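Spelled out, the chains give:
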Amino acid sequence: MKYYLDITLLPEADITLGFLWQKVYQQVHIALVENKISEHQSAIAVSFPRYGEYAFPLGNQLRLLANEESQLSQLNISKWLNRLEDYVHIKSIKPVPDNATHVAFVRQQVKGEARVEKDMLSKAQRWAEKSGQPLDTCLTELEKTKPKAVNSLPFIWLESQETKQRDAAKSRKFPLFIKKVEVGEKQTGIFNCYGLSVNHNNKENLASIPQF
Amino acid sequence: MAKNQDTASVLAFEKKLVPSDGYLYGTQWEERNNSASQTALQLSEKSVRGTISNRLKAAIKSDPVKLNAEVEKANLQTVDSCALAPEQDTLKLHFTLKVLGGVQKPSACNNALFKESYAQAVNSYIEKESFKELGKRYALNLANARFLWRNRVGAENIEVQVNALNKDNKQSWVFDATKFSTRHFENEDKQVIELGDRIAAALASEADFLMLEINCFVQVGKAQEVYPSEELVLDKGKGKKSKILYSVNDIAAMHSQKLGNALRSIDTWYPEFDDAEKSAGPIAIEPYGAVTNLGKAYRTPKDKQDFYTFFDKWARGTALERIEDEHYVMAILVRGGVFGESDK
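Residues numbered from 1 in each chain as written. Chains lettered and ligands numbered in written order. Predicted model: local features only at pLDDT ≥ 70, side-chain atom pairs only at ≥ 80, totals over all residues. Heavy atoms only, no water.

Chemist: With reference to specific residues and values, describe the pairing of strand β3 (residues 61–66) of chain A.
Modeler: Residue and element names in this part refer to chain A. Across the six residues that make up β3, a large majority, six, are buried. In β3, alternate side chains face the same way, and those of Gln61, Arg63 and Leu65 on one face and Leu62, Leu64 and Ala66 on the other are all buried. In this structure, strand β2 (residues 45–47) lies alongside β3, joined through three bridges in antiparallel fashion. Bridging from a neighbouring strand, Ala45 pairs with Leu65 of β3. (Buried < 20%, exposed > 50% of the residue type's maximum accessible area, 1.4 Å probe, protein only. Helix = DSSP H or I, 4+ residues; strand = E, 2+ residues; numbered from the N terminus. Pairing = 2+ DSSP bridges.)

Quick look at the structure:
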């Protein structure tokens, strides 16, 4: 990743950063989908230079990165954020400085409480069938290893455009949890259309971006 | 007490920009001028498994661990929400705005000497400026549809229709709000100047008024959520509704205070405005420049940039350094309030 451009979110009274992240990231996601290089793969990555900031977990800045300057200019992000121009400030494309460290941003899938309950029940049912024990016993036994639905990562509310297209009244928002992983050295990999590294289970396969 | 001969312990000003509540309707963009297609929006109650999405609450904010631990715990709650119908893509916000004259006279003042020097200061301001700058800024806040607040973010099309309803002087304006920025007031649009002059004339008058009707159409997309005002609920009991939205006679609505706050968001004269990092954009006219949502006051008495510092000098005949400071003082008087000082 050799070139970048920064987008600053400008909150106002009543228009909070969380609300702006939602609106901005939705547009960025659509832009990346429209410019994808193959199924679910984007040449452009995103970064959150102020991730973990005290006042707001994601900070107020979104950075787009690419290997070629032309990839960023072709994306033409100001066109996609056109309707948000009073609420964001887009800087020009600049080369990445040499002294950058490397990190990766990945999406963390989190099961909610309801999903955890559902999984527990089906697991207990299968176990009860197999072992012949009553369901209650299985459930109490499984309770000990029940995963917690607690998650402390920053997130952005998004809306699935596909669901919405199928049925406008049924559209639902979901939180996109974003995890920052320190990788130490530069690593190549694949970015999805959220601009995040494709989530492999081991750190070595993550796609890193320069952090500065 | 004799040393404070011109201290007014009772001093109050009526507000001169008086908005009504704003009412929310749903319609389609192409049908926006056909009132038959407009339906009043109603609040609906939802039970959701909530997560904390507003992280800016001060108590939680100060503790980063607590802040994130709040996320995604099973948090069943009942909230109000408001959205367009599936076939509607446009929100209509309707309100009226009365602009009153008579800023020369406080509505209450118990000191004749002060009243006299104050009247002199106002009259010289009116003579010099005729309220042109303030009128233009209020007009721009109508034209840019700042009063839509969150409903404005990311909207596809926004049209503001303003009608002057005064019997003897009817006039209409139509603005494409996407052409007017909410970040600055540098705009010389002819229609804005025209509307601004009407507002200025009413403000500068002794007893005249201007009655405006505003119909604003925002294309936000089919079935999208819209944002009426939220009611401040002080005793949130467990199991009760945690978010209550405002409605009048079953029509979702915005508080008149909230509309008023947007209209007087014209203060670009505070010290930190030009600092790109610290600026909050134009802020609402307030005696201490307070922006409650950001938990910050931009005009602290310490920096001598607050209303009282300016007003005490100005109303007693001392000229202020910058004309912008005078604009600011006059805008506070237009906002109204109780400004008496202790005579002890």
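Chemist: Residue-level account of the sheet that holds strand β1 (residues 11–13) of chain B, with values.
Modeler: Residues and elements named next belong to chain B. Across the sheet, which stays open at both edges, the three strands sit in the order β8-β1-β16 with antiparallel pairing between neighbours. Both edges of this open sheet fall to β8 (108–109) and β16 (337–338), since each of them pairs with a single strand only. In this sheet, β16 lies alongside β1 in antiparallel orientation, the contact comprising two bridges. Across the sheet, the residue bridging to Phe13 is Gly337, located in β16.

Chemist: Requested: an account of the pattern of salt bridges, with residues and values cited.
Modeler: All names here are of chain B. Counted under the stated rule, the structure contains 17 salt bridges over all chains. For the salt bridge of Asp197 with Lys132, the shortest nitrogen-to-oxygen distance reads 3.5 Å. Taken together, the residues Asp197 in helix α5 (residues 190–204) and Lys132 in helix α4 (residues 132–143) connect sequence positions 65 residues apart. Among the residues examined, Asp197 registers a relative accessible area of 29% and is labelled partly exposed. For Lys132, a relative accessible area of 43% translates into the label partly exposed. For Glu188, the salt bridge identified is with Lys136, shortest N-O distance 3.2 Å. (Salt bridge = Lys/Arg side-chain N within 4 Å of Asp/Glu carboxyl O.)

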